[in-house]
Amino acid sequence: MDIDARLREVEGELLARRPEHSVDLALDRMTELVGLLGDPQRACPVIHITGTNGKTSTARMTDALLRSRGLRTGRFTSPHLVSFRERICIDGAPLTPEQFVAAYEDVIPYVTMVDTKHPVPMSFFEVLTGMAFAAFADAPVDVMVLEVGVGGALDCTNVADGVVAVITPISIDHTRLLGNTVVEIAREKAGIIKPGAVAVLAQQPLDAAEVLMRYASEVGAAVAREGIEFGVLGREQAVGGQLLTLRGLRGVYEDIFLPLFGVYQAGNAACALAAVEAFAGVSGEGSAALDPDVVREGFGAVTSPGRLEIMRRSPTVLIDAAHNPAGMAATVAAIEDAFTFTRLTGVFAASGDKDVAGILAELEPLLSEIVVTRNSSDRSMDVADLAELATEIFGEDRVSVAERLDDAIEAAVARTDEATEDGIPGSAGVLITGSVITAGDARMLLAPDGGMPPAEAPSAQPSRHPFTAAELS
């Protein structure tokens, strides 16, 4: 059997398991699996990342900085945009089909053993997590960067003990599993902070910050807080991103070009920098500042597919994976900060179990009109129900319906082309958003590579100083 056919078989077997959204927060099955595998999660140090929004971008930045320092990395993130293989990356590259199949075949006999001992078999996400640990140990990598699936304390990635725990901003999401308040959610997410670790905390709501600080104190972890021990000292728009001055735990780093948009990405960058500085400290590298050129190189090489990603120009078409109100608020602020649209048409599909009304309410002031549709997930909200909800928020005249995402994108682009003809070129655009799945589906339709994000690699030389928006004006 050829490798592509075997890969499809493996993907089918994974999909036949309990799905990702059917979460059973418990560590017993995962603990048994890694024990049978020889505890591969302990093969090297771990940087563990949780939070409500910004986890994947922070993980990608942390990974890029570590690789720019010459370390071999394993990165586990979720969900994926196009392929399961994106979730497990070694040195910035998704597993090849051969590697993915090999990781599955390594772990599946032990998964079967665990399944026979429990009334609930291992889930899709649990098996992928075991595959990641096995692949990273086999490579081997110098450091693992792990993003939690849901929560923290009882997430299956928490069988690993992070020497650094990063907690990005906490807001309301996954309430069925984590609770209805930021305090309840923070308690669960605090569980990745381990005794003796360094906890890197993004700016948090006060109630969440108090929970995280109290927990870190109870387990004897050191704490670094954004806005106090580290943070963003300055930022300005630059062509293709932004130019930052960051205060890290060990020094100030100037002229950092980040090829991503939005103040929230600057905050993610500050957290990633602090995480790598903290990791260098616990790895016995002393207390000197990191090489500024290496930091510039790492950040200059960062990509974050599906996060305010420009898929085409003339008109500008953006895709964004925001899927809760706080994430959408950050996306709206980033677009207002980085772009000068006078007319923006939205294409929107979301999972029905999310706070769709809250997401749409955040979007409403930004959009001229919205085309509602559905994505490829069976959890996608019914189009008629979504249209009714959108009409309540946007008004009937600003809402249109397309049953399929490709038709919705085509309609939005056509309307934007018409608007551009009557106005200034570049003044109109399209935003495709509402879900990671929506962003992934759109990427498959629009990206020349079929949607699969390319492998990443830091440049051999530090990125050149970019022109700022002011310098071009």
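Residues numbered from 1 in each chain as written. Predicted model: local features only at pLDDT ≥ 70, side-chain atom pairs only at ≥ 80, totals over all residues. Heavy atoms only, no water.

### Some details on the overall build of the protein chain
Helix and strand content of the protein chain: 16 helices and 17 strands. For the protein chain, the C-alpha radius of gyration of 22 Å lies close to 23 Å, the compact-globule estimate for 473 residues. If one aligns the C-alpha atoms of the protein chain with their principal axes, the spans along those axes are about 65 × 50 × 45 Å. The proportion of buried residues among the 473 residues of the protein chain is 56%. Total accessible area on the protein chain stands at roughly 18,300 Å², and carbon and sulfur atoms take up 51% of it. (Helix = DSSP H or I, 4+ residues; strand = E, 2+ residues; numbered from the N terminus. Rg over C-alpha atoms; globule rule 2.2 N^0.38 Å. Buried < 20%, exposed > 50% of the residue type's maximum accessible area, 1.4 Å probe, protein only. Areas by Shrake-Rupley, 256 points an atom, 1.4 Å probe, with all protein chains shown as cover.)

### Quick look at a nonpolar patch on the surface
Nonpolar side chains collect at one region of the surface, where Leu36, Tyr110 and Met113 lie side by side and expose about 230 Å² of accessible area between them. Structurally, Tyr110 can be placed in helix α4 (residues 97-117). (Patch = residues over 30% accessible without salt bridge, like charges linked within 9 Å, V, L, I, M, F, W, Y side chains within 5 Å. Salt bridge = Lys/Arg side-chain N within 4 Å of Asp/Glu carboxyl O.)

### What to know about the sheet that holds strand β5 (residues 143-147)
Taken in spatial order, the eight strands of this open sheet run β4-β3-β2-β5-β1-β6-β7-β8, and their pairing is mixed. What marks the edges here is a single partner per strand, and that holds for β4 (93-94) and β8 (222-225). Pairing of strand β2 (residues 73-76) with β5, which is carried by four bridges, proceeds in the parallel orientation. For Gly74, the partnering residue across the bridge sits in β5 and is Met144. Its contacts with the sheet place helix α5 (residues 124-138) against β2, β3 (88-90) and β5, and it is angled at close to 10 degrees to β3. (Pairing = 2+ DSSP bridges. Contact = heavy atoms within 4.5 Å. Axes fitted to C-alpha atoms, helices over the stretch in contact; angles between N-to-C directions.)

### Observations concerning the sheet that holds strand β14 (residues 343-348)
Pairing is mixed in the open sheet, where six strands are placed in the order β12-β13-β17-β14-β15-β16. With partners counted over all chains shown, the strands left at the sheet margins are β12 (309-312) and β16 (399-401), one partner each. This sheet shows a mean twist of 25 degrees between the axes of neighbouring strands, independent of strand direction. Sitting on the sheet, helix α13 (residues 383-394) is in contact with β14, β15 (369-372) and β16, with an inclination near 170 degrees to β16.

### Things to note about helix α10 (residues 292-300)
What α10 keeps buried is the set Val294, Val295, Glu297, Gly298 and Phe299. Where α10 begins, the capping side chain belongs to Asp291, and its oxygen is found 2.9 Å from the backbone nitrogen of Asp293. (Polar contact = N/O pair within 3.5 Å; in protein donor to acceptor, adjacent residues only side chain to side chain.)

### Some remarks on the pattern of salt bridges
Evaluated as defined, the whole model comprises 21 salt bridges. Where Asp161 meets Arg42, a salt bridge forms, and the shortest distance between an N and an O atom there is 3.1 Å. Pair noted here: Asp161 is in the loop between β5 and β6 (164-167) and Arg42 is in the loop between α2 (28-36) and β1 (46-50), with a separation of 119 residues, a long-range link. Linking Asp337 and Arg235 is a salt bridge whose minimum nitrogen-to-oxygen distance equals 2.6 Å.

### Things to note about the packing of helix α12 (residues 356-363) against α13
As a packed pair, α12 and α13 sit with axes 10 Å apart at the nearest point and diverge in direction by 40 degrees. Judged by the angle between their axes, α12 and α13 are oblique. For the element pair α12 and α13, the recorded crossing hand is right-handed. Taken together, the residues of α13 that come into contact with α12 (itself represented by Val356, Ala357, Leu360, Ala361 and Leu363) are Leu386, Leu389, Ala390, Ile393 and Phe394. (Parallel < 35°, antiparallel > 145°, perpendicular 65-115°, else oblique. Left-handed = near helix turned anticlockwise from the far one by under 90°.)

### Details of the pairing of strand β9 (residues 231-238)
One ladder, built from seven bridges, connects β9 with strand β10 (residues 241-247); its direction is antiparallel. Along β10, the bridge assignment pairs Ala238 with Gly241. In this structure, the hairpin formed by β9 and β10 is closed by a connection of two residues, where Gly240 is found at a positive phi of approximately 85 degrees.

### Quick word on the side chain of Thr52
As for its position among the elements, Thr52 is in the loop between β1 and α3 (55-68). Classification of Thr52 as buried rests on a relative accessible area of 8%. Among the polar contacts listed, one links the side chain of Thr52 to the backbone nitrogen of Ser171, at a separation of 2.9 Å.

### Quick notes on the environment of Arg85
Structurally, the position occupied by Arg85 is in the loop between β2 and β3. Its relative accessible area of 17% is what places Arg85 among the buried residues. Considering only alpha carbons, one finds Arg85 and Leu128, 43 residues apart in sequence, at a separation of 9.7 Å. Side-chain polar atoms of Arg85 contact the backbone oxygen of Leu95, separated by 2.8 Å.

### Here's the deal with the packing of aromatic side chains
For the structure on display, the rule yields four aromatic pairs. Considering the side-chain rings of Phe339 and Phe341, the 5.3 Å spacing of their centres and the 5 degrees angle between planes classify their relative orientation as stacked. Summarising the burial analysis for this pair, Phe339 and Phe341 share the class buried. Grouping aromatic residues by their ring pairs yields a cluster made of Phe261, Phe339 and Phe341. (Phe/Tyr/Trp six-rings, centres within 6.5 Å; stacked < 30°, edge-to-face > 60°.)

### Observations concerning the confidence of the model for the protein chain
Residues at a pLDDT of 70 or more form 91% of the protein chain, whose mean pLDDT is 91. Under a pLDDT of 50 for its full length, residues 467-473 has, in the predicted model, 11 contacts with residues more than four places off or in other chains. (pLDDT = per-residue confidence, 0-100.)

### Examining the environment of Val347
Along the chain, the position of Val347 falls in strand β14. The class of Val347 is buried, set by a relative accessible area of 0%. Along the chain, Val347 and Val302 lie 45 residues apart, while their C-alpha atoms are 26 Å from each other. With residues near it in sequence (within four places) discarded, Val347 still touches Val371, Thr373, Leu405, Ala408, Ile409, Ala412, Val430, Leu431, Ile432 and Thr433.

### Brief notes about the pairing of strand β11 (residues 252-258)
Where β10 lies against β11, five bridges are found, and the strand directions are antiparallel. When the bridges of β11 are listed, Arg247 appears paired with Val252. Linkage of β10 to β11, two consecutive antiparallel strands, is achieved through a turn of four residues.

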